[in-house]
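A closer look at the structure
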Amino acid sequence: MIELREVSRIFSVGGQEVRAMDRISLAIEPGEYLSIMGPSGSGKSTLLNILGLLDTPNSGSYLLEGQDVTSLSDRQLAATRSRKIGFIFQFFHLIPRLTARQNIELPLLLAGVPRRQRLERSSRLIEAFGLADRPHHRPDELSGGQRQRVAIARAVINEPAVLLADEPTGNLDRSSGAGIVELMEDLNHRGLTLVVVTHDPEIGERAGRQIRVVDGRIVHDSPGG
Amino acid sequence: MRPLDVIAFSLTSLGSNRVRTLLMLLAMSIGVAAVVLLTGIGNGARLYIVDQFASLGTNLVIVIPGRAETAANTPATLVGETPRDLTLDDAQALSRGEPVRRMAPINIGELSISWRGRERQVPLLGSTASLLEIHHLRLERGSFLPEEDMEIARPVCVLGAKVYRELFGRENALGELVRLGGFRCRVIGVLGSEGRSLGMDTEELVVVPVAFAQMLLNTEGLFRILVEARDPAAIARLKTHIGVTISKRHHGEEDVTIITQDSVLATFDKIFKVLTLTVAGIAAISLVVAGILIMNVMLMAVAQRTGEIGLCKALGASQLQIMVLLVSEALLLSAIGGLLGLGLGFGGAWAAVQFYPDLQAAPPPWAIAAAFSTALTTGFVFSLLPARRAARLDPIQALARH
Ligand SMILES: Nc1ncnc2c1ncn2[C@@H]1O[C@H](COP(=O)(O)OP(=O)(O)OP(=O)(O)O)[C@@H](O)[C@H]1O
Ligand SMILES: [Mg+2]
């Protein structure tokens, strides 16, 4: 479903080249549960951003569901992100002035989905994610775990093909982190492809497939754990 | 995104930073209010002038000695000749014609008037009985100038309301003898106090028969002759009549200027329209200032909301969508500010009318439309730059700066 071929991402900082991704090839099948680990600065986030179409490679090609997405226009990229990619972040990135429900509905709002459908879909997720008593609260009235649930609900409301999580538990205590991991795994069991970048081996080792990145290269790939 | 959703989303964003929003609304609304109010006052002044002329009677034609338009070019002025005076005989001749309804010769000057030791400098106006009608004067008591041959220098006078008050207080003036210049003359009437027509404060006038005025002022000529046409359709014929009559009497030279109320009115109308446009333009500058403020505040807002913009991009918003969102926000702000400004402007105009009922300060429709669309245009134009900057943000960096 996802196929990277010899993808490189090079940043130049003060005239010096930093190879954040060095000819990485990677294929991910639908429904896979993949964790990406590695030392700080090894290129994990860069890899995830490329997968999530937030960044474009300097070289190599990227096929997403059979479509080459390396040379799409801004509008096409946005549309693809909207339909196929769900993102969650370490710092949640909820909009503080919007309620939990409004935050969850944001991708639908941007995609121009009518209000009634938005309400229907967000209600289902609010129910399923244990946020039923909090839909009208604003982010600062929610706990960290609840915030990340809202963020996950927002990421999956468009029914994407893949959920990309960059340190989703990095800002949470152990028990709410565990809750978040369970929630994501639950979504994976129902068929959602899941890619998690993490520093926490305990979380990383739960994944069906584990990848280790060092200096922009995949040094270890263990299909099936 | 659906238009209603865009508006709702913009409103939440405007609502989340009240101070910023209020500041921009204030700037916008003051700009719009200034345009509305100033054009309203300008327009009111124009209507006031037009009204004043209408009350004078629009069938009036004014004959002034000398050719105003071509004065500089005639051989007569080149050799230093002064134009021929208009005389009472000219006036007499002008009054005999089919298109003429009424005629009043006018002489003006300044003299001292005194009664029992009280003395005052007053403008003197010499004319005939017809002036009362032609100039829409109102007589408070007594009678106006007698209807008789205008060559008769009968020593009588009609006092303006203020002159009467200052000389006589509350005492009876009718029949009293006053001293006017070097002559004694009898008071036969007093004018009403509201008679105020363009260029002359009738409250302060002393009106005497024209021949008497010529004697007092020691002149043969007339200041001007007012001729009233039978009806508006007769004005053109009246002008020819005047031209022909004068040139016949002045050895073939038509050495007078003929002014119709229409032309004066048109000139004033034009002047005030330009004036109104000018103040509107000046006021519009404040709208541009408001626009620059909007741009600055929006640039700040874009910097503040970098994370949010990056997020929207990560969630599937295109550059165009981000631009639309931010521009809509500015447009919404301008529209609300514009509406507030219209309210404020009309409120101001209303207040102006309360204070000066004479000045019907009514903002013209074009000014309302112009002010509002200028507000929207400024909002639009000045939000483009911040919106473009936002649209081009790199989502990764935008999110990282959280
Ligand atoms: N926008 C950028 N400009 C310049 N260099 C960058 C940029 N983004 C990333 N890099 C560099 O690329 C390398 C990989 O960065 P990346 O953020 O992918 O690492 P990471 O594995 O996610 O690290 P961490 O675990 O600390 O999050 C780093 O050396 C980083 O300095
Ligand atoms: Mg990282």
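Definitions and cut-offs
Residues numbered from 1 in each chain as written. Chains lettered and ligands numbered in written order. Predicted model: local features only at pLDDT ≥ 70, side-chain atom pairs only at ≥ 80, totals over all residues. Heavy atoms only, no water. Pairing = 2+ DSSP bridges. Helix = DSSP H or I, 4+ residues; strand = E, 2+ residues; numbered from the N terminus. Contact = heavy atoms within 4.5 Å. Axes fitted to C-alpha atoms, helices over the stretch in contact; angles between N-to-C directions. Near = heavy atom within 4 Å. Polar contact = N/O pair within 3.5 Å; in protein donor to acceptor, adjacent residues only side chain to side chain. Areas by Shrake-Rupley, 256 points an atom, 1.4 Å probe, with all protein chains shown as cover. Nonpolar A, V, L, I, M, F, W, Y, C, P; charged D, E, K, R; others polar. Buried area = accessible area lost by both parts, 1.4 Å probe. Salt bridge = Lys/Arg side-chain N within 4 Å of Asp/Glu carboxyl O.

**Topic: the sheet that holds strand S4 (residues 59-64) of chain A**
Sheet strands associate in pairs through backbone hydrogen bonding, adopting either a parallel or an antiparallel arrangement. Residues and elements named next belong to chain A. If you trace the 4 strands from one edge of the open sheet to the other, you get S2-S1-S4-S5, paired in antiparallel fashion. The open sheet has two edge strands, strand S2 (16-28) and strand S5 (67-68), and neither has a second partner. By the bridge criterion, 9 bridges tie strand S1 (residues 2-13) to S2 in an arrangement that is antiparallel. Directly across from Ile10, in S2, lies its bridge partner Arg19. Across the sheet, helix H1 (residues 44-51) touches S1, S2 and S4, and the angle it forms with S1 is around 125°.

**What about the sheet that holds strand S8 (residues 193-197) of chain A?**
Residues and elements named next belong to chain A. A sheet is described by the order of its strands in space; here 6 strands give the open sequence S6-S7-S8-S3-S9-S10, paired in mixed fashion. Both edges of this open sheet fall to strand S6 (85-88) and strand S10 (217-223), since each of them pairs with a single strand only. Shown here is a sheet whose adjacent strand axes are inclined to one another by a mean of 15°, direction ignored. Note: strand S7 (residues 162-166) against S8, 5 bridges, orientation parallel. Bridging from a neighbouring strand, Leu163 pairs with Leu194 of S8.

**Side note on the site of ligand 1**
Residues and elements named next belong to chain A. Near ligand 1 lie 14 residues; those nearest to it are Ser40, Gly41, Lys44, Ser45 and Thr46. Gly41 places a polar main-chain atom, nitrogen or oxygen, 2.8 Å from an oxygen atom of ligand 1. Contact between ligand 1 and His199: an oxygen atom at 3.3 Å from a side-chain N or O atom of the residue. When the free accessible area of ligand 1 is taken as 630 Å², the share hidden by the protein chains comes to 64%. Counting only elements with at least two residues in the shell around ligand 1, the list comes to S1, S2 and H1. When residues of the shell around ligand 1 are assigned to their parent elements, the largest contribution, 3 residues, is made by H1. The residue inventory of the shell around ligand 1, partitioned by class, reads 5 nonpolar, 8 polar and 1 charged.

**Some details on the interface of chain B and chain A**
Facing 26 residues of chain B, the contacting portion of chain A comprises 23 residues. Interface area, chain B with chain A, both sides summed: about 2,300 Å², of which 66% is carbon and sulfur. Together, B:Leu311, B:Leu315 and B:Ile396 form the three largest contributors to the area buried by chain B at its contact with chain A, with a combined 25%. Here chain B is connected to chain A by 2 salt bridges. Of the charged contacts, one joins A:Arg118 and B:Asp5 as a salt bridge, the two residues approaching to 2.7 Å between their closest N and O atoms. Our count for the contact surface shared by chain B and chain A stands at 8 residue pairs in polar contact (both at pLDDT 80 or more). Secondary-structure elements contributing two or more residues to the side of chain B that touches chain A are helix H1 (3-16), helix H10 (306-314), helix H11 (319-355) and helix H13 (395-400) of chain B. In terms of residue class, the side of chain B that touches chain A is built from 12 nonpolar, 8 polar and 6 charged.

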